[in-house]
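# Topology and contacts: notes
Take a look at the letters that make up each chain.
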Amino acid sequence: MAKAFAPGKCILFGEHAVVFGHPAVAVAIDQGVTASVTESSNWTLEGNRFEPSRHPHIEHIIHNVFQYEGPPLKIDIESNLFSAAGMGSSAALSNALAAALHLHINPDSKLDQVKLAKMAHSAEAFAQKGRASPTDSSTSALGGCVVVSGDRVPGTIHVFDTSLNTPEGNREWTINTVSIPSSLNDAFLVIGFTGDTSPTGKMVAKVAKLISNNPEMISEMESISKITTAGLTALSVGNLDGLGLAMDACHQRLRNLEVSTPKLDRMVEAAKPHSLGSKLTGAGGGGCMVSLTNDPTRVAEAIEISGGTPLITRLGTEGVRAL
Ligand code: MEV
């Protein structure tokens, strides 16, 4: 049996704006997806018959990417991420499955994180009608703190470039990493799930429509981009207060883009007294918010009281790995 784990992600800055080529900053989190594959007499997923049309990421990885023509596989997936909630569960699934399949086909080889990031991005694009930034897929593959942008980002380590043909035109991104300073070791993220799932593709399409109907709203994307740059500078030098302030500012801009919800806003407000900064994270429209804090237990309690389900993580864990 071949088995691999890939972490979920939390976007600190730049969601939605990154689809338009602006920078986004994301960190890998403790929680993620474990995938295992083993040869079998028929195709199964979690003990049931595998139905490709219901699992486009899995179908794309197995048949389009690997062009696998071997014996049927028994596929098992375990996840401790909330799915369709902005935690990068589908990208983590793609990475974990591609890693497990790679190890199944080439048992003695090492995992290539960049190759896996590219495969997972193509699976995201396949499943999201051509609209997907490489943020989730590359953060889950590379781990740590990842900066995805249309242009080179000063002060970051360049890892690879990638592009995608989207319904809005060709998009190009550079994928970069940033070392997380040791002063951030005492900080935690508390992610709060609203309980409402929200498919990324739908939210990305909603923002695309908002911008096309109100072209002046593109300035919100530019504001998010400036906040992202300020937040990234704060993160790079270990300035927790600055990082938190930028998160608060980013939430306001995401509200202007109409991707927040009353429940997300309520949870963000509840977490504020014990946090350095709080915002929705990921696509919005439900899904999750995140708080940066030195007191994760208090924040988790506040999130729970306001109706959310909390999950505590460190910032920037290791990327996809064999188990
Ligand atoms: C989803 O986690 C983040 C978005 O920016 C979409 C994407 O980057 O593909 C909303």
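Residues numbered from 1 in each chain as written. Predicted model: local features only at pLDDT ≥ 70, side-chain atom pairs only at ≥ 80, totals over all residues. Heavy atoms only, no water.

### A few points about the site of the ligand
Convention followed: We call a residue near a molecule or strand as soon as one heavy atom of that residue lies within 4 Å of the molecule or strand. N or O atoms closer than or at 3.5 Å make up a polar contact, with two conditions inside protein: a donor-capable atom paired with an acceptor-capable one, and, for residues adjacent in sequence, both atoms drawn from side chains. Residue ranges labeled as domains rest on an automatic or database domain assignment.
Neighbouring residues of the ligand: 14 residues in total, closest Lys9, His16, Val18, Ser133 and Asp136. The separation between an oxygen atom of the ligand and a polar main-chain atom of His16 is 2.9 Å. The contact in question runs from an oxygen atom of the ligand to an N or O atom on the side chain of Asp136, over 3.4 Å. Looking at the shell around the ligand, you find at least three residues from each of domain 1 (2–147) and domain 2 (182–313).

### With respect to the nonpolar core
Short version of the rule: Nonpolar core, defined: a set of buried Ala, Val, Leu, Ile, Met, Phe, Trp, Tyr and Cys residues in which side-chain atoms within 4.5 Å join the residues together. Burial classes follow relative accessibility: with a 1.4 Å probe on protein chains only, a residue under 20% of its type's maximum area counts as buried, one over 50% as exposed, and anything between as partly exposed. A run of DSSP states H or I qualifies as a helix once it reaches four residues; a run of E qualifies as a strand once it reaches two. Both are numbered from the N-terminal end. Residues are treated as being in contact if the distance between any of their heavy atoms lies within 4.5 Å.
Counting 98 residues, the largest nonpolar core has Phe13 and Ile75 as its most contacted members. For this core, the element with the most residues is helix α2 (residues 89–105), which contributes 9 residues. Taken domain by domain, the makeup of this core includes at least three residues from each of domain 1 (2–147) and domain 2 (182–313). The residues touching Ile75, leaving out its near neighbours within four places in the chain, are Ser36, Val37, Trp43, Thr44, Leu45, Glu46, Ile58, Ile62 and Leu97.

### Things to note about the environment of Asn239
In this structure, Asn239 sits in the loop between α6 (218–236) and α7 (240–256). Among the polar contacts listed, one links the side chain of Asn239 to the backbone nitrogen of Gly242, at a separation of 2.8 Å.

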